[in-house]
Structures are given as C-alpha cells and as structure tokens.
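Results of the structural survey
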Amino acid sequence: MDPYVKVQLGGTTFRTKTHNNAGKVPSWFDAFEFRRTSEQVMEFHVYDEDVTSDDHVGSGVLSLTNICVPGGKKFSDSVKLKHKDKDVGELFVEVDFYPDGSS
C-alpha cells in the first residue's frame, strides 16, 4: 500500500507525501497551515496511490469546537477512519491553533 492523506478545512486542501510501500501502518510528519474562518470540522481522507487511479481507504473528521478557543490551544487525538460505514483505522493528529494576531 502507498498511502497519502488529503487534509481539508473549508475550501483549502493539502496533501501529504505518499508513503511508498508503507503497508497498513504508515507515518507522516507533514505540517500544514490553514486559515480558519467559521469551519467547525477538519476532514481527513486517506488514499492508496495507484498507477491508474487512487483508491479511497477511509475518511474521518476532527471537530474544531474545543480546539479553536481564544488564546490558542495545542491538541492531539486520534481521528477514526471509516469507509462505507466500516471502521478501517485511525490517524493520530496534532493541531496547534493560534488566533489571528498571535503566533
């Protein structure tokens, strides 16, 4: 399996590098920066890269309600992945939230 992840917040999508020959336990250490407006969830979509077309492995969402708070917050948790209503795994994610005007 050659998986990669698309991370989406509103109309912005980022893609991790493909983890070639990763099997079923790949790791990514990619970092992305989003500008949040009013979105309530961040979406994660995992694919297996193939020569002709990529196969969807699973998707999950992370609620931003308790993360995007005044003053900022660092958060880590697992995002459950599902495909066709079946549990197919999970992603461990870390999110750092900084309100506009801070860093």
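A few points on the structure. (Residues numbered from 1 in each chain as written. Predicted model: local features only at pLDDT ≥ 70, side-chain atom pairs only at ≥ 80, totals over all residues. Heavy atoms only, no water.)

**Considering the pattern of salt bridges**
In this structure the tally under the stated criterion is three salt bridges. Glu90 is paired through a salt bridge with Lys80; the nearest N and O atoms lie 3.3 Å apart. Note that Glu90 is positioned in strand β6 (residues 86–97) and Lys80 in strand β5 (residues 73–83), a separation of ten residues in sequence. Lys80 gets classed as exposed once you look at its relative accessible area, which sits at 54%. As a salt-bridge pair, Lys82 and Asp87 come within 2.8 Å of each other at their nearest N and O atoms. By relative accessible area, which is 42% here, Lys82 ends up partly exposed. (Salt bridge = Lys/Arg side-chain N within 4 Å of Asp/Glu carboxyl O. Helix = DSSP H or I, 4+ residues; strand = E, 2+ residues; numbered from the N terminus. Buried < 20%, exposed > 50% of the residue type's maximum accessible area, 1.4 Å probe, protein only.)

**Let's talk about the pairing of strand β3 (residues 41–48)**
Most of β3 is tucked away, with six of its eight residues classed as buried. Here strand β1 (residues 3–9) runs beside β3; their pairing, made up of six bridges, is antiparallel. Looking at β3, one finds that Gln8 is bridged to Glu43. In terms of strand pairing, β3 meets strand β4 (residues 55–63) through eight bridges, oriented antiparallel. Directly across from His45, in β4, lies its bridge partner Ser59. Two successive antiparallel strands, β3 and β4, enclose a turn made up of six residues. (Pairing = 2+ DSSP bridges.)

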